[in-house]
Amino acid sequence: MDERQLLFKAQEGDIESFENVIASYQNYIYNVIYRIVGNKEDALDLTQETFLKAFVNIKKFKGKSEFKTWLYRIAVNTSLDFMRKRKGVEEQLHDISDFKTPEDIFDDKMTRDIIMSELNKLKNDYKIAIILRDIEGLTYSEIAEITNSNIGTVKSRISRARSALKENLKKIPGFINIFDERRQL
Amino acid sequence: MECYAVRRLLNPYIDEELDEKSMDDIQAHLDSCEDCKLEYNELLYTKRLLENTPPLELPDNFGDMLHIKLIEGRKNNRRKPIKRMIAVAAFAVASIFVLSFGFNFLMNSTKLSSKAPLSAKSAANYSSEASTGGKEAEPKLKNSVYSSLNQANRGLDSGYERKITKDATISIEMNSVDEGYNKILNISKQYNGYIESTSENTSESGQKTVNIVLKIPADDFEYAISNIKSLGDVKMIRINSSDITEQYYDVQTRIKNLEIQEESLQNLMKKASNISDILQIEDKLNDVQTQIDSYKSQIKLWDSMTNMSTINLTFLSAVPQAGIGKIFSENFFKDVLNAGTKSLNVFFEFIKYAIVMIIYLLPFAILIYLIYKGYKLLKK
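A quick note: this is a predicted structure, and the numbers were derived from the prediction, not measured.

Draft legend 1. Representation of the overall build of chain B. Within chain B one finds twelve helices and five strands. Counting only residues that meet the buried cut, chain B has 30% of its 380 residues in that class. Across chain B, the fraction of contacts at a sequence separation of at least 24, relative to all contacts at a separation of at least 6, is 76%. When the accessible surface of chain B is summed, it comes to about 25700 Å², and 57% of that surface belongs to carbon and sulfur atoms.

Draft legend 2. Examining the packing of aromatic side chains more closely. Scanning the entire structure with this criterion turns up eleven aromatic pairs over all chains. When the centroid spacing of 6.1 Å and the interplanar angle of 55° are considered together, the rings of Tyr25(A) and Phe67(A) count as tilted. Separated by 42 residues along the polypeptide, Tyr25(A) in the loop between α2 (15-23) and α3 (26-37) and Phe67(A) in helix α5 (residues 67-86) bring together distant segments of the chain. The pair Tyr25(A) / Phe67(A) is uniform in exposure class, with both members buried. Between the NZ or CZ atom of Lys123(A) and the centre of the ring of Tyr126(A), over which it lies, the distance is 5.1 Å. In this arrangement the basic side chain of Lys352(B) is found over the ring face of Tyr353(B), its NZ or CZ atom lying 5.3 Å from the centre.

Draft legend 3. Examining the packing of α2(A) against helix α4 (residues 40-56) of chain A more closely. All names here are of chain A. It is the contact of α2 with α4, at a shortest axis distance of 11 Å, that shows an interaxial angle of 125°. By the angle between their axes, α2 is oblique relative to α4. In terms of crossing hand, the pair formed by α2 and α4 is right-handed. Between α2 and α4, the residues in contact are Ile15, Phe18 and Ile22 and Phe51, Ala54 and Phe55, respectively. Its residues assigned to classes, the contact of α2 with α4 comprises six nonpolar, no polar and no charged.

Draft legend 4. Looking closely at the sheet that holds strand β4 (residues 233-243) of chain B. All names here are of chain B. With mixed pairing, five strands are arranged side by side in an open sheet as β2-β3-β5-β1-β4. The open sheet is flanked by β2 (194-202) and β4, the only strands paired with a single partner. Looking at each pair of strands side by side, their axes are set apart by 10° on average, direction ignored. The sheet contact formed by strand β1 (residues 164-174) and β4 spans ten bridges and is antiparallel. Considered in β4, the bridge of Lys166 is made with Ser241. Set on the sheet, helix α8 (residues 221-229) makes contact with β1, β3 (208-217), β4 and β5 (308-317); between it and β1 the angle comes to about 5°.

Draft legend 5. Quick peek at the nonpolar core. Counting residues in hydrophobic clusters, the biggest one holds 63 residues, and the most contacted among them are Phe18(A), Ile29(A), Phe51(A), Phe67(A), Leu71(A), Leu119(A) and Leu132(A). Here this core takes nine residues from α5(A), the largest share from any one element. Sequence-distant contacts of Leu119(A), that is, excluding residues within four places in its chain, are made with Lys127(A), Ile130(A), Ile131(A), Ile135(A), Leu165(A) and Leu50(B).

Draft legend 6. Examining unusual backbone geometry more closely. Residue and element names in this part refer to chain B. Phi at Glu16 takes a positive value of approximately 55°, unusual for a residue other than glycine. If you trace the backbone, Glu16 turns up in the loop between α1 (3-14) and α2 (20-32). When its relative accessible area of 60% is taken as the criterion, Glu16 is described as exposed. With a phi angle near 60°, Asn192 is a residue other than glycine that sits in the positive phi range. Inspection of the secondary structure assignment puts Asn192 in the loop between α7 (177-190) and β2.

Draft legend 7. Expanded view of the interface of chain A and chain B. On the chain B side, the residues contacting the 45 residues of chain A number 36 residues. For the chain A face of the interface with chain B, the top three residues by lost area are Gln48(A), Arg162(A) and Lys166(A), together amounting to 17%. For the pair chain A and chain B, the number of links is seven salt bridges. In this structure, the connection of chain A to chain B is made through 15 residue pairs in polar contact (both at pLDDT 80 or more).

Draft legend 8. The arrangement of a positive patch on the surface in detail. Taken together, the side chains of Lys60(A), Lys62(A), Lys64(A) and Arg84(B) define a basic patch exposed on the protein surface. Looking at the secondary structure, you find Lys64(A) in the loop between α4 and α5.

Draft legend 9. Inspection of the pairing of β2(B) at higher detail. With eight bridges connecting them, β2(B) and β3(B) associate as antiparallel partners. Among the inter-strand pairings, Ile195(B) is bridged to a residue of β3(B), identified as Leu214(B).

Draft legend 10. The arrangement of the environment of Leu119(A) in detail. As for its position among the elements, Leu119(A) is in helix α6 (residues 108-120). Owing to a relative accessible area of 1%, Leu119(A) belongs among the buried residues under this scheme.

Draft legend 11. Spatial organisation of a negative patch on the surface. Judged by side-chain charge, Asp2(A), Glu3(A), Glu66(A) and Glu145(A) come together as a negatively charged surface patch. Using a relative accessible area of 43% as the deciding quantity, one classes Asp2(A) as partly exposed.

Draft legend 12. Summary view of the packing of α1(B) against helix α3 (residues 34-51) of chain B. Residues and elements named next belong to chain B. Contact geometry of α1 with α3 gives a least axis separation of 10 Å together with a crossing angle of 25°. Of the possible angle classes, the one that applies to α1 and α3 is roughly parallel. Relative to α3, α1 is oriented so that their crossing is right-handed. On the side of α1, the interface is formed by Cys3, Arg7, Leu10, Asn11, Tyr13 and Ile14, while α3 contributes Asp35, Cys36, Glu39, Tyr40, Leu43, Leu44 and Lys47. Its residues placed into classes, the contact of α1 with α3 shows eight nonpolar, one polar and four charged.

Draft legend 13. Summary view of a nonpolar patch on the surface. Residue and element names in this part refer to chain B. Together, Leu344, Phe347, Phe348, Phe350, Ile351, Ile355 and Ile359 make up a nonpolar patch on the protein surface, roughly 710 Å² of accessible area in all. Turning to its location among the elements, Ile359 is positioned in helix α12 (residues 330-379). Among the residues examined, Ile359 registers a relative accessible area of 55% and is labelled exposed.

Draft legend 14. Structural context of the pattern of salt bridges. The full count for this structure, using the stated rule, is 27 salt bridges over all chains. One salt bridge in this structure joins Glu42(B) and Lys166(A), with 3.4 Å as the shortest N-O distance. Of this pair, Glu42(B) sits in helix α3 while Lys166(A) is found in helix α9 (residues 151-171), placing the two residues in two different chains. As far as burial versus exposure is concerned, Glu42(B) and Lys166(A) are alike and both buried. Here the residues in one salt-bridge network are Arg133(A), Asp134(A), Arg162(A), Asp15(B), Glu17(B), Lys47(B), Arg48(B) and Glu51(B), joined through shared partners.

Calculation notes
Residues numbered from 1 in each chain as written. Chains lettered and ligands numbered in written order. Predicted model: local features only at pLDDT ≥ 70, side-chain atom pairs only at ≥ 80, totals over all residues. Heavy atoms only, no water. Helix = DSSP H or I, 4+ residues; strand = E, 2+ residues; numbered from the N terminus. Buried < 20%, exposed > 50% of the residue type's maximum accessible area, 1.4 Å probe, protein only. Contact = heavy atoms within 4.5 Å. Areas by Shrake-Rupley, 256 points an atom, 1.4 Å probe, with all protein chains shown as cover. Phe/Tyr/Trp six-rings, centres within 6.5 Å; stacked < 30°, edge-to-face > 60°. Lys NZ or Arg CZ within 6 Å of the ring centre and 35° of its normal. Axes fitted to C-alpha atoms, helices over the stretch in contact; angles between N-to-C directions. Parallel < 35°, antiparallel > 145°, perpendicular 65-115°, else oblique. Left-handed = near helix turned anticlockwise from the far one by under 90°. Nonpolar A, V, L, I, M, F, W, Y, C, P; charged D, E, K, R; others polar. Pairing = 2+ DSSP bridges. Core = buried A, V, L, I, M, F, W, Y, C linked by side-chain atoms within 4.5 Å. Buried area = accessible area lost by both parts, 1.4 Å probe. Salt bridge = Lys/Arg side-chain N within 4 Å of Asp/Glu carboxyl O. Polar contact = N/O pair within 3.5 Å; in protein donor to acceptor, adjacent residues only side chain to side chain. Patch = residues over 30% accessible without salt bridge, like charges linked within 9 Å, V, L, I, M, F, W, Y side chains within 5 Å. Lys, Arg positive; Asp, Glu negative; His and termini not counted. Charge placed at Lys NZ, Arg CZ, Asp CG, Glu CD.

Shown next, in the form of structure tokens:
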């Protein structure tokens, strides 16, 4: 059965069909949410919430956009809701750069943590745009659809986000060297 | 192409989201400009960093966890249409209620204003009721009737004053009758009244009874009553008031007519020359004058009645407590029985009111519940 048929069955309340459809998207959604909210436990909860919302509201999916885009949209909105609620409850952004030595930075996990923490410093709109573009590899028009904005906005958000990210990463001791080193490779 | 223009488009260039011409132009520029090339590489590197972040894997049991949630979700979802219907119904009922209240209110206010011109007529009905019907109404209630009568004045012109007589009969039990008598003296002084008569007697059992007829200016009647009530244990109280306005003015007009008659008779008298005429006229004049006198005395009586209210007071001294043996007489069982039935009555009365209250509040309770439910549903 192709996706459309499965979706049709899912719309009639068939859980298995729904599960089959989402199977290929689960990890993408989980990762997007993880990048947005910044911790695994919350990301896991929100991923479940996203799919539950998708299932409950599946009749509202009319097939105008791709199902994947629709899922992303729910994921982004769910994450944003969560961030808004969390805001003020905890404003903890552990600053890793303070205790980094240049050697640590070669460590892949460290690199990932630094990127995560730098992403978290961006405004939500910028962060989401850059995550969807560079980590998820979506096109500008898809991102525009997901974030319910126009392409011009998406373009400027991504541009600013990436430039800001670059500048921030350069400020981290040691990181700039890697830049230079790797550039020459 | 200038550097600043290239820098602005570097990010879309990296993402290949530009048209072909721009892509070519920027590539050409980057080949020739070291600074822009560096910027480009840094941005590209940042992008690669992001692209290369290793993705997380969902835990293995995610599918199972989600499955449970989906089943729950489906259950809730199936129930939802009914809930939504309830919410809609609740909202409809609520709006009907609000509308009906508003409508009622509106109707009442328009009714009131349209009724105003008729109030004279309705007040007239009222007064006939008041003068013929039961007059044991509380002074307060009476007052409200008076005020409405006063406003309407039954078509009489507003110069007429209403004539109302008030009297009360009160019997009070107290420990010291003499002290009560002194207090009454004070009250009569306080309100500029007077004691018309007193009598006192003592029964065989040693119970002292004092009867007092007290006159109090009509305006202070109610205050005096409440003062007297506080003197002791009120055994009986009856307050009467009657509206004699109609009779009063009736008599007054009769007096006026008679006076006119008197005047014309006197004029005739002056003109009369023969004896038999004079005698006849004198006879008639006498008649008229006696009538006038009797009516006038009636008016005087009424005036004093309306100016001063009468309070018939009876003070009873409390019966000295009899010995223990007497306490357990047959009266005791009667009292016990009375107490029992009384408390039962109170209890059933209470139950009755509780039920009435519940029925009365039920629609509101349901309404509030439904609104609450609907609100919760909408919030979800």
